[in-house]
Amino acid sequence: MNYWLIKSEPDAFSIDDLAARGAAGEPWDGVRNYQARNFMWHDMQIGDQVLFYHSSCKDVGVAGLAEVLSDAMPDPAQFDPESRYFDPKATAEKPRWYLRRFGFVRKFAHVVPLATLRAYPDLQQMMLLQRSRLSITPVRPEEWRIITELGLNQRPD
DNA sequence: GCCAACGTTGGC
DNA sequence: GCCAACGTTGGC
């Protein structure tokens, strides 16, 4: 079992949107970075646990928890000329981009802010903090423990 | 909206 | 295969 962090702009797709998908989850299309793709394609496994991160928004940080629901499959958007994720170099025989389905687990009462992560000595090695533009990054067990503890122990308003 | 970081593209 | 130009991401 592995731990991961995935980023999403909540204006486009938030933790609430993921919750609304229910048990079917959401196909995570549009990943167009090779390193992120390789994590998702080769290294994830069904059942892996995921931190859901909100980027490019008012409350930047970890918004809740998700999980890997499916095996990897070719991202259909790469074949669709109408899609912003269309890739003319991808073919059905040799797809370039893959996706998996992610499912909702829970939402934190409050986002655990990026600034909080940055302030924790034990989180300094997080790949998120070192490779800030990568949309999918692995998370170490100790990092998972710290962040979920922060998220789950918050008081609701 | 600005701008730094950084991944990708393409000419040579 | 190098590297400059370019485009995108994402925090602030």
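Anything mentioned here points back to the structure above.
As the structure is a computational prediction, the values presented were derived from the model and not from experiment.

Q: Which parts of the structure should I look at to understand the protein's contact with DNA strand B?
A: What surrounds DNA strand B is the set N33, Y34, Q130, R131 and R133. Sugar and phosphate atoms constitute 60% of the interface atoms of DNA strand B, taking the interface as everything within 4 Å of the protein. Here a phosphate oxygen of DNA strand B and a side-chain polar atom of R131 are 2.9 Å apart. Of the residues that constitute the surface near DNA strand B, the class distribution is one nonpolar, two polar and two charged.

Q: Would you take a moment to explain the sheet that holds strand 1 (residues 3-8) for this structure?
A: Strand pairs in the sheet, formed through backbone hydrogen bonds, run parallel or antiparallel to each other. The mixed open sheet is built from six strands, whose spatial order is 2-7-4-3-1-8. Of all the strands in the sheet, just strand 2 (26-27) and strand 8 (136-139) have a single pairing partner and so form its edges. Both strand 1 and strand 3 (residues 49-54) contribute to a ladder of six bridges, which runs parallel. Residue S8 lies in a different strand from strand 3, and its bridge partner there is H54. Where helix 2 (residues 34-43) meets the sheet, it contacts strand 1, strand 7 (101-113) and strand 8, and its direction lies at approximately 60° from that of strand 8. On the sheet, helix 5 (residues 141-152) packs against strand 1, strand 3, strand 4 (61-68), strand 7 and strand 8 and is oriented at approximately 65° with respect to strand 7.

Q: I would appreciate a short explanation of the pairing of strand 4 in the present structure.
A: Looking along a regular strand, one sees side chains alternate from face to face of the sheet. Counted residue by residue, strand 4 has seven buried out of eight residues, so it is predominantly covered. In this structure, strand 3 lies alongside strand 4, joined through six bridges in antiparallel fashion. Bridge assignment links H54 to a residue of strand 4, and that residue is G61. Between strand 3 and strand 4, which pair antiparallel in sequence order, lie six residues; one of them, S56, sits at a positive phi of approximately 50°. When strand 4 meets strand 7, the two strands line up antiparallel, connected through seven bridges. Along strand 7, the bridge assignment pairs G64 with K107.

Reading the values: the criteria
- Residues numbered from 1 in each chain as written.
- Chains lettered and ligands numbered in written order.
- Predicted model: local features only at pLDDT ≥ 70, side-chain atom pairs only at ≥ 80, totals over all residues.
- Heavy atoms only, no water.
- Near = heavy atom within 4 Å.
- Polar contact = N/O pair within 3.5 Å; in protein donor to acceptor, adjacent residues only side chain to side chain.
- Nonpolar A, V, L, I, M, F, W, Y, C, P; charged D, E, K, R; others polar.
- Pairing = 2+ DSSP bridges.
- Helix = DSSP H or I, 4+ residues; strand = E, 2+ residues; numbered from the N terminus.
- Contact = heavy atoms within 4.5 Å.
- Axes fitted to C-alpha atoms, helices over the stretch in contact; angles between N-to-C directions.
- Buried < 20%, exposed > 50% of the residue type's maximum accessible area, 1.4 Å probe, protein only.

None of the figures reported here should be taken as evidence of function without further support.
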